[in-house]
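# Architecture at a glance
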Amino acid sequence: NAGVTQTPKFQVLKTGQSMTLQCAQDMNHNSMYWYRQDPGMGLRLIYYSASEGTTDKGEVPNGYNVSRLNKREFSLRLESAAPSQTSVYFCASSEPGQGRSPLHFGNGTRLTVT
Amino acid sequence: GENVEQHPSTLSVQEGDSAVIKCTYSDSASNYFPWYKQELGKRPQLIIDIRSNVGEKKDQRIAVTLNKTAKHFSLHITETQPEDSAVYFCAASGRVNNDMRFGAGTRLTVKP
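Below you will find a few notes about this structure.

## Points about the overall build of chain A
On a plain count of helices and strands, chain A comes out with zero helices and 11 strands. N-terminal to C-terminal, the α/β element order of chain A is β-β-β-β-β-β-β-β-β-β-β. The C-alpha atoms of chain A give a radius of gyration of 13 Å, which matches the 13 Å a tight globule of 114 residues would have. The principal-axis extent of the C-alpha atoms belonging to chain A is close to 40 × 30 × 25 Å. Relative to its full complement of 114 residues, chain A shows a buried share of 49%. Summarising the internal contacts of chain A: among those between residues at least 6 apart in sequence, 55% fall at separations of at least 24. With the model as given, the accessible surface of chain A reaches about 5,200 Å², and the carbon-plus-sulfur share is 47%.

Written as structure tokens, this is what we have:
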């Protein structure tokens, strides 16, 4: 099993450009998440999807949109990138249906907006 | 939503000493508390977790304690080794495991 796979690994955007970060998991998990990680601020939840067909805002949703394409895939879109969105983005999945369960993270996408 | 605070932000210990990292949470309904280790340039990985019906859990050199009344939980690493050097994150999740919030992290350095 590959676990959680994110693409791309690195990306440089200019202010105002758009892009979509892709995430797929092969663990048959119901829940998926997008976090951003900035120095000294830990991991902040952007959006999550409790199950296929549902999405909810997390702590820092402004400037982002998400799509739960199917049970495996959860994408994050930046419509008009800003320098404040320079960060490392992590996708994760979990299976809360089995009780409280840990997140399984992808390897991250390092995004720079100039 | 849940708010998790973590202290200290940096911690330096001598090899063989113990290290303790503390976290507090705000939502009394939170009932799952994992700890993650993140090495430089890599993804966070679970090292230990505890559920609210348990006060303490151990796994070799790592232990976690939970005080639900005070809403705080701690990570204890004994006999530290240089390979324990990393950033450690605590987290808490509430009624459902869909809104997991993290502390800001502790950079642990173990000096040989």
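Following the structure, the description resumes.
## Considerations on the overall build of chain B
A tally of helices and strands in chain B yields zero helices and 11 strands. When the helices and strands of chain B are read in sequence order from the N terminus, they spell out β-β-β-β-β-β-β-β-β-β-β. In summary, chain B has a C-alpha radius of gyration of 13 Å against a globular reference of 13 Å for 112 residues, a match within 12%. In terms of overall dimensions, chain B has C-alpha extents of about 40 × 30 × 20 Å along its principal axes. The 112 residues of chain B split such that 46% are buried. The long-range share in chain B, meaning contacts at least 24 apart out of those at least 6 apart in sequence, stands at 54%. Accessible surface computed for chain B: about 5,500 Å², of which carbon and sulfur atoms make up 46%. Charge-centre separation for chain B: the mean point of 14 positive side chains lies 4 Å from the mean point of 13 negative side chains.

## Focus: the side chain of Gln-6 of chain B
All names here are of chain B. Tracing the chain through its elements places Gln-6 in strand β1 (residues 4-7). Within the structure, the side chain of Gln-6 is placed 3.3 Å from the backbone nitrogen of Cys-90, a separation counted as a polar contact. Here Thr-106 takes part through its side chain, which lies 3.0 Å from a polar atom of the side chain of Gln-6. Apart from residues no more than four positions distant in its own chain, Gln-6 is found in contact with Ile-21, Lys-22, Cys-23, Trp-35, Tyr-88, Phe-89, Cys-90, Gly-103, Ala-104, Gly-105 and Thr-106.

## Looking at the sheet that holds β1 of chain B
Residues and elements named next belong to chain B. The sheet built from five strands is open, its strands ordered β1-β3-β8-β7-β6 with antiparallel pairing. In this open sheet, the two edge strands, each paired with only one partner strand, are β1 and β6 (56-59). For this sheet the average axis-to-axis angle between neighbouring strands, irrespective of direction, equals 15°. The sheet contact formed by strand β7 (residues 62-67) and strand β8 (residues 72-77) spans six bridges and is antiparallel. Counterpart to Ala-63 in the pairing with β8 is His-76.

## With respect to the packing of aromatic side chains
Residues and elements named next belong to chain B. Overall, the coordinates contain 13 aromatic pairs over all chains when judged by the stated rule. With a centroid separation of 5.6 Å and 50° between ring planes, the pair formed by Tyr-36 and Phe-102 is classed as tilted. Taken together, the residues Tyr-36 in strand β4 (residues 32-38) and Phe-102 in strand β10 (residues 101-102) connect sequence positions 66 residues apart. Owing to a relative accessible area of 0%, Tyr-36 belongs among the buried residues under this scheme.

## Re the pairing of β8 of chain B
All names here are of chain B. Where strand β3 (residues 19-25) meets β8, six bridges bridge the pair, whose relative direction is antiparallel. Residue pairing for β8: Ala-19 is matched across the bridge by Ile-77. The antiparallel pairing of β7 with β8 creates a hairpin that spans four residues between the two strands, and Lys-71 there sits at a positive phi of about 55°.

## Topic: the environment of Tyr-32 of chain B
Residues and elements named next belong to chain B. Summarising the element assignment, Tyr-32 is placed in strand β4. On the basis of relative accessibility, which here comes to 0%, the residue Tyr-32 falls in the buried class. As for Tyr-32 and Arg-51, which are separated by 19 residues in sequence, their C-alpha atoms are 4.6 Å apart. Among the polar contacts made by the side chain of Tyr-32, one reaches the side chain of Asp-49 at a distance of 2.7 Å.

Here is what the cut-offs are and how they apply
- Residues numbered from 1 in each chain as written.
- Chains lettered and ligands numbered in written order.
- Predicted model: local features only at pLDDT ≥ 70, side-chain atom pairs only at ≥ 80, totals over all residues.
- Heavy atoms only, no water.
- Helix = DSSP H or I, 4+ residues; strand = E, 2+ residues; numbered from the N terminus.
- Rg over C-alpha atoms; globule rule 2.2 N^0.38 Å.
- Buried < 20%, exposed > 50% of the residue type's maximum accessible area, 1.4 Å probe, protein only.
- Contact = heavy atoms within 4.5 Å.
- Areas by Shrake-Rupley, 256 points an atom, 1.4 Å probe, with all protein chains shown as cover.
- Lys, Arg positive; Asp, Glu negative; His and termini not counted.
- Charge placed at Lys NZ, Arg CZ, Asp CG, Glu CD.
- Polar contact = N/O pair within 3.5 Å; in protein donor to acceptor, adjacent residues only side chain to side chain.
- Pairing = 2+ DSSP bridges.
- Axes fitted to C-alpha atoms, helices over the stretch in contact; angles between N-to-C directions.
- Phe/Tyr/Trp six-rings, centres within 6.5 Å; stacked < 30°, edge-to-face > 60°.

Geometry only, nothing functional implied.
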